[in-house]
Amino acid sequence: MYDAIIVGAGPAGSTAALYANRLGLKCLLLDKAVFPRDKICGDALSGKSVRIMEELNLIHEIEKLNGSEINRITFGSPSNKHFDVHLKASEKNHHITKGYVIPREIFDNYLFKKADEVTDTKQGFIVKNIVFENGKICGVEGITKDGNKETIGAPIIIGCDGANSIIARRLGVYKMDMKNTSVAIRQYYEGVRGLTNQIELHYLREVKPGYFWLFPAGDGKANIGIGLSKSAAKQDNRTLKQIMDQIIASPYFQERFSNAKPLEKPSGWNLPMGSTHRKNYGDGFMLLGDAAGLIDPFTGEGIGNAMVAAKYAMNVLQKAKNQDNYSEKVLKEYDALLWGEIGKELRTSTKLQSLSKSSFLLNFVINRAARNEEVQEIISGMLSNEIPKDELSSPLFYFKILLS
C-alpha cells in the first residue's frame, strides 16, 4: 500500500515524487510511456521552474543538460517592431537572472531519472480505471508494458497525466471547452539565423489572438511554433501549419529562414488554459499541471505552474496522511495554496490575452518600448515582479507609457 499513486511522470509528476521523498512519503510514479520520450512543447523553463529546481538542488545539473541558457526575452509587434527585456538583477530584484530552453525529451528524462532514484516507478503502465472501496478511492488498475492487468492500492491519486488526463475524465471533472483551450504546433529547425541567448514571442497579424515563438534549443537547433485560441483556430480556414509557413515566408522572417531546414514534421497539441479555475481536487484525488488546466493564457507556459502545484500537493498530502483523512475538505487546502500563488497572475494573463486581440494596443505598447528605454524598464520590472503584473492590464499602464 502506497501513500499515493502519482499518474504521469512529466514535470508535475516527477517533481511531486521528489518532494514526496523529502517529506518521507512513499509514492508510486506511473507513466504510460517509456523514458526518454518526446513531449510536444515550447521547451522553455521559466522563473518558477528555475526556483523549484534551485529548491530541489537540481539547478547545477540542469545547467549541464543539452539546451540553451536564456538571458533576454524579445517581444515583437504586429507591425514587426521589437524590444528586448533583459533578465537582470537589481537592488529590488532577487529573482532569476536566466532561464533555459531544454528539449522536453532531455529535461523530462532527467527529472524522471532523479525521481526514479528515490521513488518506486513503473514505465509503460497504462492506467485504465480508478478503484473504489466503500465509495472511496483505493487505487488504480491498468495494463503493464508486458500486457498484464495489475491493480495497485493507495488512498489517494495524484493526477499528473496531461491535458487528456484519464484521472480527470474517470472522476468526471474533465471538460474540454473551446473558450479556455488553445492549440499549438511545434517544429524543430536547424540553421535559423539570429538566435543567441533570447527567446522570441511575436504577436503577429497572421496569428491573432496568439503568437509565433522562436526559441534556441541547443546544438544550433530552434524550437519554433505558434499558439492560437481553439475558437479562433476553428474559425480560420487555414491550418496551423499553413499559418506558420506563411509567417516563415513573410518579408520580416524570410531572411532568417533562408538556409533553415525542418528537422521534423510539425506536431500539435491542446493547451487547457488557466483562464478558468477548474476543479483540481476532491475525495481521494488532486490534479496537477495540464490535468488541472494551469497553462498561462498569455505566454502558453505551463511547466513552472505544474512544478509549483507539485510542491503544494505534496505538502497537503503529508497533512492528509498524518490525519488519515483524504477527504475533499482536507485536500481543498491544495487549491487554496496553489491559486493563492498563481491565481492573480493567471487572471492578469487572461486579460492580457484578451488585449492581444487588438493589433493597435500591441503595436502601441511594443513600438513605444522599442524606442523608449523607460518603457522597457517598466515592462522588465513587471516580468521580474518588481512591479505588479496586473498593472499591465490597467488603462493607467497605457497612460504611463504614453507619457514616457
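Refer to the structure printed above.
Predicted model, so just to flag it, every value in this text is computed and none were measured. (Residues numbered from 1 in each chain as written. Predicted model: local features only at pLDDT ≥ 70, side-chain atom pairs only at ≥ 80, totals over all residues. Heavy atoms only, no water.)

S.K.: Lay out the overall build of the protein chain with the relevant residues and their values.
M.R.: Within the protein chain one finds 13 helices and 20 strands. Relative to its full complement of 404 residues, the protein chain shows a buried share of 55%. A fraction of 71% describes how many contacts in the protein chain between residues 6 or more apart in sequence connect residues 24 or more apart. Split by element, the accessible area of the protein chain, about 17,900 Å² in all, is 49% carbon and sulfur. (Helix = DSSP H or I, 4+ residues; strand = E, 2+ residues; numbered from the N terminus. Buried < 20%, exposed > 50% of the residue type's maximum accessible area, 1.4 Å probe, protein only. Contact = heavy atoms within 4.5 Å. Areas by Shrake-Rupley, 256 points an atom, 1.4 Å probe, with all protein chains shown as cover.)

S.K.: How would you summarise helix 2 (residues 47–55) if you had to cite specific residues and measurements?
M.R.: Along helix 2, the residues classified as buried are Gly 47, Lys 48, Ser 49, Val 50, Ile 52 and Met 53. Phi for Asn 57, located one or two positions after helix 2, is positive at around 60 degrees.

S.K.: Give a description of the environment of Leu 87 that names residues and reports values.
M.R.: Mapped onto the fold, Leu 87 is located in the loop between strand 6 (82–86) and strand 7 (99–101). Overall, the relative accessible area of 24% leaves Leu 87 in the partly exposed class. When neighbours within four sequence positions are excluded, Leu 87 is seen to be in contact with Ile 70, Asn 71, Arg 72, Ile 73, Thr 97, Lys 98 and Gly 99.

S.K.: Outline the sheet that holds strand 9 (residues 126–133), listing residues and values.
M.R.: Strand order across the open sheet formed by three strands is 9-10-11, with antiparallel pairing between neighbours. Single-partner strands in this sheet number two, and they are strand 9 and strand 11 (149–153). Neighbour to neighbour, the strand axes of the sheet diverge by 30 degrees on average, direction disregarded. Strand direction decides the pairing type here: strand 9 and strand 10 (residues 136–143), joined by seven bridges, are antiparallel. Each residue of the ladder has a partner; that of Asn 129, found in strand 10, is Glu 141. (Pairing = 2+ DSSP bridges. Axes fitted to C-alpha atoms, helices over the stretch in contact; angles between N-to-C directions.)

S.K.: So what about the pattern of salt bridges? Which residues, and what values?
M.R.: Pairs can form between side chains of opposite charge once their charged atoms are near each other. Inspection of every chain in the model, using the stated rule, returns 20 salt bridges. Here Arg 278 ties to Asp 177 by a salt bridge, and the two come within 3.7 Å at their closest N and O atoms. Placement of Arg 278 in the loop between strand 18 (267–272) and strand 19 (281–282) and of Asp 177 in the loop between helix 5 (166–170) and strand 13 (181–190) is noted, with a sequence separation of 101 residues between them. Through salt bridges with shared partners, a single ionic network connects Arg 37, Arg 104 and Asp 108. (Salt bridge = Lys/Arg side-chain N within 4 Å of Asp/Glu carboxyl O.)

S.K.: I'd like to hear about the packing of helix 2 against helix 9 (residues 303–323), residue by residue, with values.
M.R.: At a minimum axis distance of 7 Å, the contact between helix 2 and helix 9 shows a crossing angle of 40 degrees. Taken as axis vectors, helix 2 and helix 9 run oblique relative to one another. Where helix 2 approaches helix 9, its residues Lys 48, Ser 49, Ile 52, Met 53 and Glu 55 are matched on the opposing element by Ile 303, Gly 304, Asn 305, Met 307, Val 308 and Lys 311. Across the contact of helix 2 with helix 9, the residue classes break down as five nonpolar, three polar and three charged. (Parallel < 35°, antiparallel > 145°, perpendicular 65-115°, else oblique. Nonpolar A, V, L, I, M, F, W, Y, C, P; charged D, E, K, R; others polar.)

Function cannot be inferred from these measures alone, as they are strictly geometric.
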